[in-house]
Every structure is written in structure tokens, then in C-alpha cells.
Amino acid sequence: MTPFPDPDPDSVDAEPVEYLADRMVRFADCDPAGIVFFPNYFRMLNGVVEDWWASLGHPWTQLVGERRMGTPTVRLDTEFVRPSKMGEVIRFHLSVERLGASSLTLRHVVIGDDVARMRVRQVLVATSLDTHKAIVWPDDVRAAIVRFMERK
């Protein structure tokens, strides 16, 4: 697994465009040790990705329900850096690393108290929910992702 370097705060040009989402760590997110049980990070991450799609103007209710298009995760590389505890607010930083013909690589960094807690590289693929095969990103969806990537 390739390590994820911390973003360089002094490099404005290298700064990725990010979608930010805060989540409070709840009692139900934690294990008996009082820290986030790792599968719950993925549940939170999935919620952030769902919110990001909605922010692009393509909520999953539209993509899945109306257009019969899925965006399943086909790869998830994760590094757990530090634990998060009940009551903390953690911030999810989502950026697009790569947009392919039918794939999309997202980079997530979860920060709490200015310290990285988790780093994730996630690959999604556009699929038809009728055939369950990969499809090319529809033009309007691709355009929304590109607009997000070009925001400054």
C-alpha cells in the first residue's frame, strides 16, 4: 500500500479542491475501548460521499432511483492513523484524485484536532443497475465532477 503524504499547507497550487463534512463521533460509533469501531468509519465515509454527490447536483436518489445508475466502491485503501473518541468532531476532506472513463478515484483525509485520523483512497465505478456492468460516466455527471475539480 502506498502511503498518503500529508497535504503541504504552504503549497497553494498543489492544494486539491475539497468537499468538507464534519461528523460527530457518537456513542453508537464506538467499540468497548471507547474509540471508533473501524467499520463505522466506512459508514460515515459513505455518508460523506453520498452528501458530496448531492452537492454536485446528482443525489443518489436521482442516480440510483431514477437513472438506474450505481457508483459502487471497487477499491478501498485505508490507513488508520490515530483513534477518534466519542464526542469528538472529525472533519472529512474529500478530493478527486482521478476521473476516468467509468472510474473515479477519491482521496479522503479525516482530521480531528488538527491531526490525521484516517486516510483513504477510494475507487468508484459508474455502473448500470440493470446489467451491473461498468458504463461511461454520463456527460452531465462527468461535467459536474469536472466543475468540482476546477473550483477554486
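Residues numbered from 1 in each chain as written. Predicted model: local features only at pLDDT ≥ 70, side-chain atom pairs only at ≥ 80, totals over all residues. Heavy atoms only, no water.

**Focus on the environment of glutamate 150**
Mapped onto the elements of the fold, glutamate 150 is located in helix α3 (residues 139-150). C-alpha separation for the pair glutamate 150 and proline 16, spaced 134 residues apart in sequence, amounts to 9.4 Å. (Helix = DSSP H or I, 4+ residues; strand = E, 2+ residues; numbered from the N terminus.)

**With respect to the packing of aromatic side chains**
Counted under the stated rule, the structure contains seven aromatic pairs. A centroid spacing of 6.3 Å and a plane angle of 70 degrees characterise the contact between phenylalanine 38 and phenylalanine 80, whose relative ring orientation is edge-to-face. Remark: phenylalanine 80 occurs in strand β3 (residues 73-80) and phenylalanine 38 occurs in helix α1 (residues 38-55); sequence separation between them is 42 residues. Three or more aromatic residues link up through ring pairs in this structure, and these residues are Phe37, Phe38, Tyr41, Phe42 and Phe80. (Phe/Tyr/Trp six-rings, centres within 6.5 Å; stacked < 30°, edge-to-face > 60°.)

**A word on unusual backbone geometry**
Phi at arginine 68 takes a positive value of approximately 60 degrees, unusual for a residue other than glycine. Its location among the elements puts arginine 68 in the loop between α2 (60-66) and β2 (69-70).

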